[in-house]
Structure formats: C-alpha cells, structure tokens
Amino acid sequence: MGKFIYLIWVCPKTILDIFYTVRYNLDMQTISLCMIVKDEEKAIGRCLDCVKDIVDEIVIIDTGSTDKTVEIVSKYTDKVYHFEWIDDFAAARNFSFSKATKDYVMWLDADDCLTEENRKKLLELKRTLNPEIDTVMCVYDIAFDANGKPTFSYNRERIMKRCESAVWHGAVHECINPFGKVITSDFAVHHRKEKPGEPGRNLRIYEKKLKNGGEFNPRERYYYSRELYEHKRYKEAINNFKIFLKDGKGWVEDNICACHLIGESFKALSDPDSALQAFFYSFIYDDPRPEICCSIAQHFFDKNNMRQAAYWYRVALENSVITSKRELHGFVLRDCHGYIPAIQLCVCYDRMGDYENSVKYNEMAGSFKPNDRTYLYNKKYFEKKNNG
C-alpha cells in the first residue's frame, strides 16, 4: 500500500496563540505554600483542596500532631517536616520558609480557605504577577455573620518573594514586615475555625517572656495589651495600652485601636466618661474611624441623648474606610461601616419622632443585610404604623 500523508492545516493565529501561551506559562511565577500545623485533621484537607491546583509546591511543618494531620497532608505533598514546638510561631514559620524552593512563598493557616471566586482571583494574580513585585497584601476575613458575610477583616502580607527579607518576627501574632515593591491584591482569605484554640496560649507566651526578663517592642506591647483586654484584665490592659501610646513608636492604626480598646476597657469597668475621653483621644492620630464613632454614639444612646447619638452614627457612615476596592487599614469591624450606624439611626430618629428619616435608615440597614431580623421587624413595624 502507498503511504498517505495527512496534512492538518493550522491557522497561523492559532500557532501564535499556542506559542504565546507556552511562553507565558514558562514565564509564570511559581509559588510555595508554607504552613505550620498541629492536630488539624478537621480543617487541613479543606484548606489544601482550595489551593493544591494553584500553588507549585506545598511545604508542611508539623509541630507535634497526635491526630491524623500528618497522614492527611502526606496525600498532598512529600515535603512534610517536623519541628519541635518552642512557643515561637515566627521560628516555626521561618523554618517552613527555609524549605521552600519556588519564586514566591505564601502562607496559610490550616483553618483558612478560599471561596471559588477568590480561588480564581488568586490564580489570575499568579498568572499576571510581575516578578518585580516583592510583597502581595490581601484581605483576611476572620469573622462572619449568620449569612456568611464577613464582619471583621484586615489586610495581611500573604505572598512574598522568597528572599532574605521574607522573615517572620514575633513569638505570637507574628508578622513579616512588607518589603520592596508592595501591591494589594483583590483576593481574600477566609479564616473559618473548626476547633477552639489553646486557651490562654498567646497570653502565656507573652508573660513567659516578661518573666524571663524579656522586653517588648511596640508591636508586642500592643498585642500583649490586646490579649489582656480579651482576657478581661481591663486595668492591666489600660496600663499597657498607655505604655504603648506613650512610647510613640506604634503604627497609626494600632494607636487608634489602642484608644478604642482603652475606652472599651473603661466602659467594662463602669467608667463611661473615661471611656468617652479615650475614644476622642484617637482623633489626634487620624480621621474618626467608624468603629470609634459607633462607640461614641452608643455612649450618648445609653444616656438617652438621641440627638448626639444620631450625629455620631451619621459620622460613622460618612467616614467609612471600606471602599469598593476593599482597601482596609488596621482591624475593620465591617458592620460599623454600614449596618450598625444605619439600624441605630433608625431607632434614634424613631425616638425623636422623625418618621421619614427612621424609615430611610431602616431601608439603608436592609441594603447591607436584607435578611436581618431587626430590619425586617422594623419594616413590619413601620407598615403597621403607616396603616394605623
């Protein structure tokens, strides 16, 4: 039989597309996912499933698991290492980075995850990441309402170029100081706990350092103060926040938050006037934050001063720092940037007999949370009032 030559015609444009796609993929930056874990069998699979087809390498550092964590992660990677826990998160994370081999390093906690939308955004970031970029920031959502909408968020350094500047600092509440050329990406990481953390662990580590004669840098002092506040040791929290502020070396957002928590501590100690002074003191650092405006408004609301309460709730709405680009600074209580001031303004104006504004702000609250029980109750309340 004769030989037949089959010719397949390929459009020149298709050939060019294939060429540029191959070249593009060869130029794409690679990412090592680095994690430290311990007894995370309930969450680790969910986390790794979110990113296993996006990152190029998975590095797992186990710090002493006694459950099936190591068995589970071994199905995703052979780069599983053991690290003896020494009460130092930065040490463990730096060890994880030391095992990475790709262009960039990315960190996640075991109970972090990405929605499908955020997975696509992360993949697009990877496809388009300019190698001149050193640090990628993104939103970290760590608390959610009943409908799964984020209520507490802040920006974190998430992806860094693998280099000597990518170093973790801090035994607890560890961080990497953003370095080089920094960008903020539009993808977000969700922190969804599957189990409670070790009670008092962070405070114990801080107090161990103090007991051993260690000194706090400004960031450590700030987070130590927060731990005291969260453990309801309010007087100690106030004193340590004041030490932090007096030092004058803190980040402006931490300064503002310190004033806020000093105020909340005084409020917990039944000293509302000192609380109010602390809230107002935050204004020396920058524009009024919605979170603090809501606390000031609540102060006047509790005193049945609806006029001043309404004023500060309006200021909260006007000074929202959340933009459509999700540019967050410091800790952001999202409800203070919309829902809380709106629903409280509804109440304030109702008590002042201003029906029109009361309805207006209830509808605004509904635009933030359309399924909210309070909004729906108010809506029926106004309908009955209008029909009556």
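The structure this text deals with has already been given above.
Remember, predicted model here, so these are calculated numbers, not experimental data.

Trainee: Tell me about helix α10 (residues 272–281), and please be specific about residues and values.
Mentor: Since the α-helix turns once every 3.6 residues, residues separated by three or four places project in the same direction. Within α10, the full set of buried residues consists of Ala275, Leu276, Ala278 and Phe279. Down the axis of α10, the buried set is contained in an arc of 160°. They therefore lie on one face. Buried residues along α10 sit in contact with α9 (252–268) and α11 (290–302).

Trainee: Tell me about the packing of α9 against α11, and name the residues and values.
Mentor: Relative orientation of the contacting elements α9 and α11 amounts to 25°, with a least axis distance of 10 Å. Here α11 runs roughly parallel to α9, going by the angle between their axes. In this structure, the crossing between α9 and α11 has a hand that is left-handed. On α11, the residues touching Ile256, His260, Glu264 and Lys267 of α9 are Glu291, Ile292, Ser295, Gln298 and Asp302. Looking at side-chain class alone, the contact of α9 with α11 contains two nonpolar, three polar and four charged residues.

Trainee: Mind laying out the environment of threonine 30, listing which residues take part and the relevant values?
Mentor: Tracing the sequence through the fold places threonine 30 in the loop between α1 (12–27) and β1 (31–37). Threonine 30 sits in the partly exposed class, given a relative accessible area of 22%. Each C-alpha atom of the pair threonine 30 and lysine 232 lies 45 Å from the other, and the pair is 202 residues apart in sequence. Apart from residues lying up to four places away in sequence, threonine 30 is in contact with Asp56, Lys102, Asp103 and Tyr104.

Trainee: Tell me what's going on with the side chain of aspartate 335, and back it up with residues and numbers.
Mentor: Looking at the secondary structure, you find aspartate 335 in the loop between β11 (332–333) and α13 (339–351). Among the polar contacts listed, one links the side chain of aspartate 335 to the side chain of lysine 369, at a separation of 3.0 Å. Not counting chain neighbours up to four residues away, the residues in contact with aspartate 335 comprise Thr151, Ile340, Pro341 and Lys369.

Thresholds, definitions, all that
- Just so you know, the residues in each chain are numbered from 1, in the order the chain's sequence is written.
- Given that the model is predicted, a residue must reach a pLDDT of at least 70 before its local features are reported, and side-chain atom pairs must reach 80 or more before they are shown or counted; all residues, however, enter totals for whole chains, interfaces and linings.
- Hydrogens and waters are ignored; side-chain quantities use all the structure's heavy atoms.
- Buried means the residue's accessible area, taken with a 1.4 Å probe over protein chains only, is under 20% of the maximum for its type, while exposed means over 50%, and partly exposed covers the values in between.
- A run of H or I in DSSP counts as a helix once it spans at least four residues, and a run of E counts as a strand once it spans at least two, with each numbered from the N terminus.
- In this description, one arc is meant: the one made by directions from the helix axis to the C-beta atoms.
- Contacts are assigned to residue pairs with any non-hydrogen atoms lying within 4.5 Å of each other.
- All axes are obtained by fitting lines to C-alpha atoms, using only the stretch in contact for helices, and the reported angles, taken between N-to-C directions, cover 0 to 180 degrees.
- Roughly parallel covers angles under 35 degrees, roughly antiparallel covers those over 145, roughly perpendicular covers 65 to 115, and oblique covers all other angles.
- Left-handed is the label given to a crossing in which the near helix is rotated counterclockwise from the far helix by less than a right angle, and right-handed is the label when the rotation is clockwise.
- Residues are grouped as follows: Ala, Val, Leu, Ile, Met, Phe, Trp, Tyr, Cys and Pro are nonpolar; Asp, Glu, Lys and Arg are charged; every other residue, Gly included, is polar.
- Distance and chemistry together define a polar contact, namely a pair of N or O atoms within 3.5 Å, with one atom able to donate a hydrogen and the other to accept it when in protein, and with adjacent residues in sequence counting only for side-chain atoms on both sides.

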